[in-house]
Amino acid sequence: MDLLKRIFVKVGVLPFLLVALIALFSLAEHRFMSMSNLLNVGRQTTYLAIVTAGQMLTILCAGFDLSVGFSVALTSIVTSMVMVSVADPTTAMLLGILAGIGTATLVGLANGITIAVFRVSPFVVTLGMLSVAHGLALLISSGVPIFNMPEQLNTILGLGRVWGIPVPVLVALAIVALIWLLLSRTRVGRYFYALGGNREAARLSGIAVRKYTALAYVLCGTLTGITGVMLTARVASGEPNLGANLPLESIAAAVIGGVSLRGGEGSIIGAIFGAILIVTMRNGMDLMNISSYLQMVVMGCLLIFAVVMDQFRLSMKGR
Amino acid sequence: MSELLLKAENITKTFPGVKALDNVSFDLRPGEVHVLFGENGAGKSTLTKVLAGSYLPDEGQIYLRGKKMAFKNPYDARSRGVSAVYQEFSLVPKLTVVENLFLGRELTKHGLLDKEAMLRQARESLEDLGFDLNPMAKVGGLKRAERQMVEITKAFQEKMSVLILDEPTASLSDKEVIRLFELIVRLKGEGVGIIYISHRIDELKKVGDRISVLRDGRNVATLDMAEANEEKLISLMTGRDYEEIFPVINTTPGKVVLEVQNLSTVTGLHDISFKVREGEILGIAGLVGAGKSRVGRALYGLEKITGGTVIMEGYAVEEPTPIGSLKLGVMYFPADRHKEGLVLCRSVRENQTMAALPLFEKRGLIDLKREESTVRGIVKKMNVRPGRIHKAINNLSGGNQQKVMLSRGLTREVKLFIFDEASCGIDVGAKREVYLFLKEQAEKGAAVIFISSELTEVLHLSHNIVVMHAGAMAKTMPGKGASEEDVLSACFGYDYQNICNNGDGSQDNGSVVNSIEG
Ligand SMILES: Nc1ncnc2c1ncn2[C@@H]1O[C@H](COP(=O)(O)OP(=O)(O)OP(=O)(O)O)[C@@H](O)[C@H]1O
Ligand SMILES: [Mg+2]
């Protein structure tokens, strides 16, 4: 009991939830534990994992980013528009990918500057940006999906494998490794933790608080862009409504993974496990034929539950 | 012998990995001040938190007027007459002073908040305590000393039989301290028992009736104040022989490091001019609100400068900013470690190196090994306990947190130190270490601005003393030969002798700060 309590205080509810869910699903549905399904879970996790990594950076800085959802959609539209307008497939792909990631980075930059320099609440800014990005995506695409993209995009970035491992999984692993390095071994990471934990103390220690806060949103934007490109490759079309669930799911994943909404606390590994948990949950519920409406209810509850447990953990630490 | 008011028997309390209280017994008589004394981390605050219902003890019993009690929470304790002022505050920053004072026990009229009555009562209480505070001010915007006042006022408003004061004077200046002591005397007359914690020994002798010394979570002695002298207390506290607290600082000031001419700020400082030289310690004294902190803040770039010049090593600084100041070799330590000094949820190590990370970089990455060994060295040198550098700094006792913050000055090269209340909340042993640290830095040639509301230390350490009054410099005097009275009369802006004679019953308390002899 004491051990369980210690684990809870240290890393949060995540391990308990994950074990409980896996047990539940493997009992309820024999297909859940099959190799092909597990691979499927792995592949699906990658997209959420990358966005969660970005989301986590903003949460560490005591903010969050709601715009990740339609920033993905905007990326998807920009990427596909550029790709269909260039003839040579290789050039088209390169330009499209750069344009897509660039767009999302710009969205992040706009978020970052507004939040850091004008000190507006991240909630308002990124909520507004969510609408802006969605509107732009719909405007550019006239609300219809864009097809006829180079085939290699789907075969390489979407379905391709290197050394037997799906490309998206490799990309996600590389990103997670980089973010891990950033957070644990570089100045930037330390500064994120410091300014999220106590902005004033960080400022007095000579940390360029505004610059680094903005940087967190920029990085979040870039990672969102990468996700947007890879999702576009996966569905082989530009979709103006892609990623609508991402804000909720990425925040939930980070928080369940022990990243504190108060800022300054959390690890990338935890956040990634949070993403795994959410995807596992979705997958298990799909297998059990639970309607997507009910799934929404469950997801919302899960987020609230996670935040409550986070608060509870804080009080246990103190006592 | 009167009945005991409060009695605690064999209290034990452990935190993960630390036995904060080990079989401690403690009692309190009505109408007495029982002092708790001990090193940082000895368990004083933990004991008071157990007594006031914030922590549940692992073992042991608490009796209130002979009846066994188990407080479920601080609210429960308060409703039974145990009221507390904690070392780390429990105010809501977004609310005003009045709102905080009445939090949880708001006055109502016909079911609506009776704002006028609350405001009136708040004014009365503040006035009663002699605290010069605007009751409508937001607590978040107040200084540490002012928040301390709100916290004290809050406790004094309740009907109580036991009052716990955990380092109430840590950032107050003499004016408020004198008043606080008068009120303590009044409460004693009403039969209230007071548990009083402070690291200022001279103060303890004035207010205390009995004193208990804690060391490593154990109660090593309980004495009558009359039997206790400084040497005895310190050796009981440390378990070692007594050592002189104030080191002799033998430096001859050299080149001018910082020169300030006619500085004024938006916050109301004006006509500030002084020089600090290499190896010189410039003390800044003054009452709360006199502007002594603002001088430090303005120089570091935390307050907008509206006029005058700041010349650092011959280079005129247009508009100081923290980043720029650090680059010029100015290091500032804020008075409020929680608000501006430390990132509480992060580790000791990260807090220690926060302002000097670039120095630990190798090819863009932080050299964790070197960082760790540096931090371990510093933690050992400053005697931070427990020295577990990967643990969140929140788990350290107040004084140890302070030491970690100050030791930031050891990780980079500093030409000018600005300390604002450097010894706030640290024990006598640690104060000595801080003073030695000052001495070492001054002897290495650093200039030091030492802002403090504890007059004794300003008098003992400074080469020169600037006394602030109402946002301006009231007086500048050499530290050698300056007497407490000189400084105090400048502090109050008029002849100090006067208030002593006007003070009711405070004549012998008149000078709250006696120099520590020895
Ligand atoms: N919440 C906590 N979690 C873990 N350890 C704690 C916690 N609070 C206190 N401690 C530890 O308990 C011990 C006693 O701490 P306490 O705060 O009572 O000291 P103190 O005597 O009040 O010191 P100071 O003079 O510095 O205020 C210390 O070793 C401290 O590190
Ligand atoms: Mg304490």
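These lines cover the structure that appears in this document, whether it is placed above or below. (Residues numbered from 1 in each chain as written. Chains lettered and ligands numbered in written order. Predicted model: local features only at pLDDT ≥ 70, side-chain atom pairs only at ≥ 80, totals over all residues. Heavy atoms only, no water.)

## With respect to the interface of chain A and chain B
The interface is formed by 26 residues belonging to chain A together with 34 residues belonging to chain B. Both sides of the chain A and chain B interface together cover about 2,400 Å² of buried area, and 56% of this is carbon and sulfur. In this assembly, chain A and chain B are joined by three salt bridges. Among the salt bridges present, the one from A:Arg190 reaches B:Glu371, with a minimum N-O distance of 2.7 Å. Our count for the chain A to chain B interface comes out at eight residue pairs in polar contact (both at pLDDT 80 or more). If you list the elements that add at least two residues to the side of chain A that touches chain B, you get helix H8 (167-185), helix H9 (187-197) and helix H10 (199-204) of chain A. Counting residues per element, the side of chain A that touches chain B draws most heavily on H9(A), which supplies six residues. Counted by class, the side of chain A that touches chain B contains nine nonpolar, 10 polar and seven charged residues. (Contact = heavy atoms within 4.5 Å. Buried area = accessible area lost by both parts, 1.4 Å probe. Salt bridge = Lys/Arg side-chain N within 4 Å of Asp/Glu carboxyl O. Polar contact = N/O pair within 3.5 Å; in protein donor to acceptor, adjacent residues only side chain to side chain. Helix = DSSP H or I, 4+ residues; strand = E, 2+ residues; numbered from the N terminus. Nonpolar A, V, L, I, M, F, W, Y, C, P; charged D, E, K, R; others polar.)

## What to know about a nonpolar patch on the surface
Residue and element names in this part refer to chain A. The grouping of Leu-106, Leu-109, Ile-113, Val-117, Phe-118, Val-120, Phe-123, Val-124 and Leu-127 at the surface amounts to a nonpolar patch, some 800 Å² of accessible area in total. Those elements that place two or more of their residues in the nonpolar patch are helix H5 (89-118) and helix H6 (122-141). For the nonpolar patch, the element with the highest residue contribution is H5, accounting for five residues. Secondary-structure assignment places Phe-118 in helix H5. A relative accessible area of 59% places Phe-118 in the exposed class. (Patch = residues over 30% accessible without salt bridge, like charges linked within 9 Å, V, L, I, M, F, W, Y side chains within 5 Å. Areas by Shrake-Rupley, 256 points an atom, 1.4 Å probe, with all protein chains shown as cover. Buried < 20%, exposed > 50% of the residue type's maximum accessible area, 1.4 Å probe, protein only.)

## Comments concerning the site of ligand 1
For ligand 1, the set of nearby residues contains 22 residues, the closest of which are B:Asn40, B:Gly41, B:Lys44, B:Ser45 and B:Thr46. More than one chain approaches ligand 1, the contributing ones being chains A and B. One of the side-chain nitrogen or oxygen atoms of B:Thr46 is found 2.5 Å away from an oxygen atom of ligand 1. Here B:His199 contributes a side-chain N or O atom positioned 2.9 Å from an oxygen atom of ligand 1. Expressed as a share of its isolated accessible area of 640 Å², the protein-covered part of ligand 1 is 91%. Looking at the shell around ligand 1, the elements that each hand over two or more residues are strand E2 (18-28), helix H1 (44-51) and helix H14 (398-406) of chain B. With three residues, the single largest contributor to the shell around ligand 1 is H1(B). Split by domain, the shell around ligand 1 shows at least three residues from each of two domains, domain 1 (6-239) and domain 3 (341-412) of chain B. (Near = heavy atom within 4 Å. Domains from an automatic or database assignment.)

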